[in-house]
Amino acid sequence: RAKERGKNGYCFYNSDMNEESMKKLTLETELELAIKNDDLVLHYQPQIDLQTNQIIGMEALLRWNHPQLGLIPPSDFIPIAEEMGLMVILGEWVLSQGCRQMKTWHDQGLTSLKISINLSPQEFLKQRLVDKVKQVLLDTGLTPNCLELEITESMTMDVIRSTSILEELSELGIQIAIDDFGKGFSSLNYLKNFHIHRLKIDRSFIHDMISGPKDAKIVGTIISIAHALNLKVIAEGVENEEQLLFLRNLNCDEIQGFYYSKPLPAIEIERKYILNSSRGVIQL
Ligand code: C2E
Ligand code: MG
Ligand code: MG
Ligand code: MG
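About the criteria used
- Residues numbered from 1 in each chain as written.
- Chains lettered and ligands numbered in written order.
- Predicted model: local features only at pLDDT ≥ 70, side-chain atom pairs only at ≥ 80, totals over all residues.
- Heavy atoms only, no water.
- Donors = N, O, S within 2.8 Å, 3.2 Å for Na, K, Ca; no water.
- Helix = DSSP H or I, 4+ residues; strand = E, 2+ residues; numbered from the N terminus.
- Expected span 1.5 Å × (residues − 1).
- Buried < 20%, exposed > 50% of the residue type's maximum accessible area, 1.4 Å probe, protein only.
- Arc of directions from axis to C-beta.
- Contact = heavy atoms within 4.5 Å.

> Pulling in residues and values, what's your account of the coordination of the magnesium ion (ligand 4)?
In this structure, D180 (OD) and E236 (OE) serve as the protein donors to the magnesium ion (ligand 4), at separations of 2.2 to 2.4 Å. A separation of 2.9 Å is found between the magnesium ion (ligand 4) and the magnesium ion (ligand 3), both of which receive a donor from D180. Of the two residues, D180 sits in strand β6 (residues 175–181) while E236 sits in strand β8 (residues 232–236), which places them 56 residues apart along the sequence.

Below is the structure:
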């Protein structure tokens, strides 16, 4: 993809671009290998109910365990994977791995925990998404209402198409959350037309809410609208107690963020939380 093109359509790369495109090419090849070699891992971040102080779910967050570079965050490779069309394969892996892990935790007694899985735009608009989800539920034996798919507002620009996909997904019994709510082109129409269960307030509002009266008002208003429409609200990016108390005062249902826990590998989630659970609940 050349940024500069000659008159006759030939590409003239300068050395910088050459280096950049080489780096990308390497990353592309390596990413394909990573899928084959099982170098991808999911970390899990607990989601907490503010009324009961119990962990009610985990969001699965993808990392690439690179043999030389170490743990690579999703922001460094998901855009490339999207561009390469690899996100569908990656997404399939995330979905089945996440559901399988959650089924294991259910089998250990935590039968009401849900797993939240992020979808990419490519996956969401793919014809076979509904079939794939159905198949993964069958293969893993996970209860459908313990699977939540997270989509963003920007994925749902094609309203007619999105409405029918979300309806089909809801018919499977799974839950749908709008991720990063407020960050994109939020439209009340979405809330009216779409089959959704939960709003995740974007962490930028949570970050600014204590110092910024506008952000605080926006957060409060999102919570009111959601509740009026019988939707749950979760705040993402909660980093301190002040934010937690503020959200509790606004009747926010659930929170997720570094204050309670950063995303952790499954083994650490087990050590910290699963082993300390009793009667099927993780009480904090
Ligand atoms: P997201 O879905 O909005 O995930 C929340 C991000 O916020 C995660 O970053 C998480 O580590 C981070 N986070 C959680 N609590 C806090 C906090 O208290 N403070 C701050 N500053 N950050 C917090 P992460 O894991 O780097 O993921 C970034 C994004 O990459 C995700 O945003 C999601 O859009 C995408 N992503 C991650 N895993 C997947 C995946 O399996 N599939 C797809 N399609 N996208 C993914
Ligand atoms: Mg998310
Ligand atoms: Mg989010
Ligand atoms: Mg976010």
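On we go from here.
> Lay out the environment of I89 with the relevant residues and their values.
Here I89 lies in helix α3 (residues 87–107). C-alpha of I89 to C-alpha of A177: the two residues are 88 residues apart in sequence and 22 Å apart in space.

> Any chance you could break down helix α5 (residues 129–140) for me, citing the residues and the numbers?
End to end, α5 covers 16 Å across 12 residues, agreeing with the expected 16 Å (1.5 Å per residue, within 8%). Along α5, the residues classified as buried are L129, V130, K132, V133, V136, L137 and T140. Down the axis of α5, the sector holding all buried residues measures 165°, keeping them to one side. When the buried face of α5 is taken as reference, the exposed residues oriented beyond 90 degrees from it are L138 and D139. Contact partners of the buried residues in α5: α3, α4 (121–124), β5 (147–152) and α6 (159–171). Looking one or two places after α5, you find G141, whose phi comes out positive at around 80°.

> So what about the environment of W105? Which residues, and what values?
Note that W105 resides in helix α3. What makes W105 buried here is its relative accessible area of 0%. Considering only alpha carbons, one finds W105 and E168, 63 residues apart in sequence, at a separation of 27 Å. If sequence neighbours within four positions are ignored, W105 has contacts with Y44, M58, L110, A266, I269, E270 and I274.

The values are spatial; any link to function lies outside them.
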